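Survey of secondary and tertiary structure
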Amino acid sequence: KHDAINLKGLIIQQNISEYIKYDTIVIPDSLLYKNVLRPVVSIDANAFLNCSTLKHIVLPKHLKVINTSAFKNCKSLKTITLPGSLTTIGKTAFINCTSLDSIIIPNSVTSLGDNTFENCTNLKHIELPDTLKKIPDFFLYKCTSLDSIIIPNSVTSLGNNTFENCTNLKHIVL
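Cut-off values and rules
Residues numbered from 1 in each chain as written. Predicted model: local features only at pLDDT ≥ 70, side-chain atom pairs only at ≥ 80, totals over all residues. Heavy atoms only, no water. Pairing = 2+ DSSP bridges. Helix = DSSP H or I, 4+ residues; strand = E, 2+ residues; numbered from the N terminus. Phe/Tyr/Trp six-rings, centres within 6.5 Å; stacked < 30°, edge-to-face > 60°. Buried < 20%, exposed > 50% of the residue type's maximum accessible area, 1.4 Å probe, protein only.

A closer look at the sheet that holds strand β9 (residues 88–89)
Within the open sheet, the four strands sit side by side as β5-β7-β9-β11. Their pairing is parallel. Two strands close off the open sheet at either side, each with one partner strand: β5 (42–43) and β11 (111–112). Looking at chain direction, β9 and β11 are connected through two bridges and run parallel. Looking at β11, one finds that I89 is bridged to L112.

Next comes the structure, spelled out in structure tokens:
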């Protein structure tokens, strides 16, 4: 059995974890705000902080920004598909998402914050966008299940401690 909720008419702001008891959330493409239907383009800082039961999330197709710590400590989060409209992922956005096992960052993303996937201990696979210029500090720190990564040709700067404590990392393709 899969508990799910479709959010309709809700502004997703800081730390709603006390209200989220479902394992699947679908964020709609648009929400009614002041009697006008508006696209959902941003998830605020700490919006889903500590949502321990959240396993799957479907993001809106017009989303541009995932702010700082938006999914921090979502320890059960296993799957999330990032839309092709996304441009920015804030620092610590997915820190301590220890069940997340795979992530594909779309080519639309041009900015990644520090510690984005820190301590995602089950992360085995990550695809970086061909447009990425800088991999930030502590980006994959303590991602102990990661065994290989391909660094796109577009990357000109590698942050401090990016792969520190990635104890299974055996292959880095440049």
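So, next bit.
Remarks on the packing of aromatic side chains
All told, the structure shown has five aromatic pairs when counted by the stated rule. Relative to F139, the ring of F117 has its centre 5.5 Å away and its plane inclined at 85 degrees; by these criteria the two rings are edge-to-face. Of this pair, F117 sits in the loop between β11 and β12 (125–127) while F139 sits in the loop between β13 (134–135) and β14 (148–150), and the two are 22 residues apart along the sequence. Assessed through its relative accessible area of 0%, F139 is described here as buried.

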